[in-house]
Amino acid sequence: MIEFLTAGESHGRCLIGILEGIPSGLMVIENDINKELIRRQKGFGRGSRMEIEEDKVEILSGVRWGKTLGSPIAILIQNKDWLNWEKTMSVSTDHSGSSSPITRPRPGHADLSGVIKYGHKDIRDVLERSSARETAMRVALGAIAKKLLAEFGIRIISHVIEIGGVKADITNGLSLEEIEKNAEASDVRCADSKATKRMIQKIKEIMDKGDSLGGIIEIIASRPPVGLGSYVQWNKRIDARLTKAIMSIQAIKGVEIGLGFQMADKYGSEVHDQIYYDGSRFYRKTNRGGGIEGGMTNGEDIILRAVMKPIPTLRKPLKSVDFITKETFEATYERSDVCAVSSAGVVCEAMVALELANAITEKFGEDSLEEMKRNYKGYIEYVKSL
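Below, the structure is looked at part by part. (Residues numbered from 1 in each chain as written. Predicted model: local features only at pLDDT ≥ 70, side-chain atom pairs only at ≥ 80, totals over all residues. Heavy atoms only, no water.)

The number of helices and strands found in the chain is 10 helices and 17 strands. With respect to the three principal axes, the spread of C-alpha positions in the chain is 70 × 50 × 40 Å. The buried share of the chain, taken over its 386 residues, is 49%. Of all intrachain contacts in the chain linking residues separated by at least 6 positions in sequence, the fraction that spans at least 24 positions is 71%. Here the chain displays about 19400 Å² of accessible surface, and carbon together with sulfur accounts for 52% of that area. Across the chain, 55 positive and 54 negative side-chain charges occur, with their mean positions spaced 2 Å apart. (Helix = DSSP H or I, 4+ residues; strand = E, 2+ residues; numbered from the N terminus. Buried < 20%, exposed > 50% of the residue type's maximum accessible area, 1.4 Å probe, protein only. Contact = heavy atoms within 4.5 Å. Areas by Shrake-Rupley, 256 points an atom, 1.4 Å probe, with all protein chains shown as cover. Lys, Arg positive; Asp, Glu negative; His and termini not counted. Charge placed at Lys NZ, Arg CZ, Asp CG, Glu CD.)

Okay, here's the thing in structure tokens:
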């Protein structure tokens, strides 16, 4: 079973991640992880911090001579901006009170609920950990999960299909490779070049107004084997696990699978994917169910879409109330993005990768990659023999 933990604050010394359950024998090098971190930092509409940070990982344990050992993998990402926050975010009592407390909660953030829940008197104690800066470590750990999935022919991509009401045309029959290539070449990670231009223009307009934009991301996991997940218990269902993983990402407010909410106004005959047999395998001509039936993968591509709300930190701040004095104020502005939908897609990929890697180790074992491949090969041969 694959599990992970992250630690660290947005302006603290570093981010730390621990990933457990990766089998031995998987080739993992730091540069592979760094490539994914670079993807997360790109995107038109990102904030000024992306100009400061140049995220790079340091693998601390669990890897020897480029290959995993089967033991927990520990990873570190230094925060370059720490140099400007050493006293404010110091762990030492020597620097207590070196910065004034923040007492004005920002709408849409964890600020108010966080200080109430944990009994804090300074909102910085909440916002430093609730910040999406933490997702840099998720992307790093997800990069390792992607490496594992690739050993079994599973690839995960994402692309932006809507920003601020500007929709991409995704009915033009592009292959998975074409979608990935076009998205990676786009400043907003959209596979439709015409929509890319309109999205950028929309972001510029909103940027001038001091506001922010959200959007929709599509995530595709190609060629998973039949039978990941299970119907036997609620928490084993792969659709539940994947949607939970994506919903855990900051600012994600909704997830759908396959046709998703479009199913509400369609007939059953328009929704369900008919099953065929070509003499050697079962298959479906459509994929309206998004590759999942009965809580399990059915062998078709997994297709998910995630809705990201507009970033709640605004240069044109919303009204709030000081939680100490109860006076009305305009919410505090912390350096932020105008639109981070493109980056959220990379985080979604990481979370899907981690959950699918968890499911595939459950199915085929987690001690060594060699053993997993033997088990996988036997299972695929069994499926083909049906």
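Additional details are given in the paragraphs that follow.
With antiparallel pairing, four strands are arranged side by side in an open sheet as β1-β2-β6-β3. Of all strands in the sheet, those bounded by a partner on one side alone are β1 (3-7) and β3 (57-61). The sheet shows a mean angle of 20 degrees between the axes of neighbouring strands, taken without regard to direction. Summarising the sheet, β3 and strand β6 (residues 73-78) pair through four bridges and their orientation is antiparallel. Of the residues in β6, the one forming a bridge with I59 is I75. (Pairing = 2+ DSSP bridges. Axes fitted to C-alpha atoms, helices over the stretch in contact; angles between N-to-C directions.)

Within a sheet, each strand pairs with its neighbour through backbone hydrogen bonds, oriented either parallel or antiparallel. Pairing in this open sheet of five strands is antiparallel, and the strands run β8-β7-β9-β15-β10 from one edge to the other. The open sheet is flanked by β8 (166-167) and β10 (252-257), the only strands paired with a single partner. Relative to strand β9 (residues 215-222), strand β7 (residues 155-163) runs antiparallel, the two sharing eight bridges. Following the sheet pairing, E162 is matched in β9 by I216. The strands touched by helix α8 (residues 238-247) are β9, β10 and β15 (302-308); relative to β10, the strand with the most contacts, the crossing angle is about 155 degrees.

With phi around 60 degrees, R189 is a residue other than glycine that occupies positive phi space. Of note, R189 is situated in the loop between α6 (176-185) and α7 (193-208). In the Ramachandran plot, R223 falls in the positive-phi region, its phi being about 55 degrees despite a non-glycine side chain. With respect to the secondary-structure elements, R223 resides in the loop between β9 and α8. Owing to a relative accessible area of 63%, R223 belongs among the exposed residues under this scheme.

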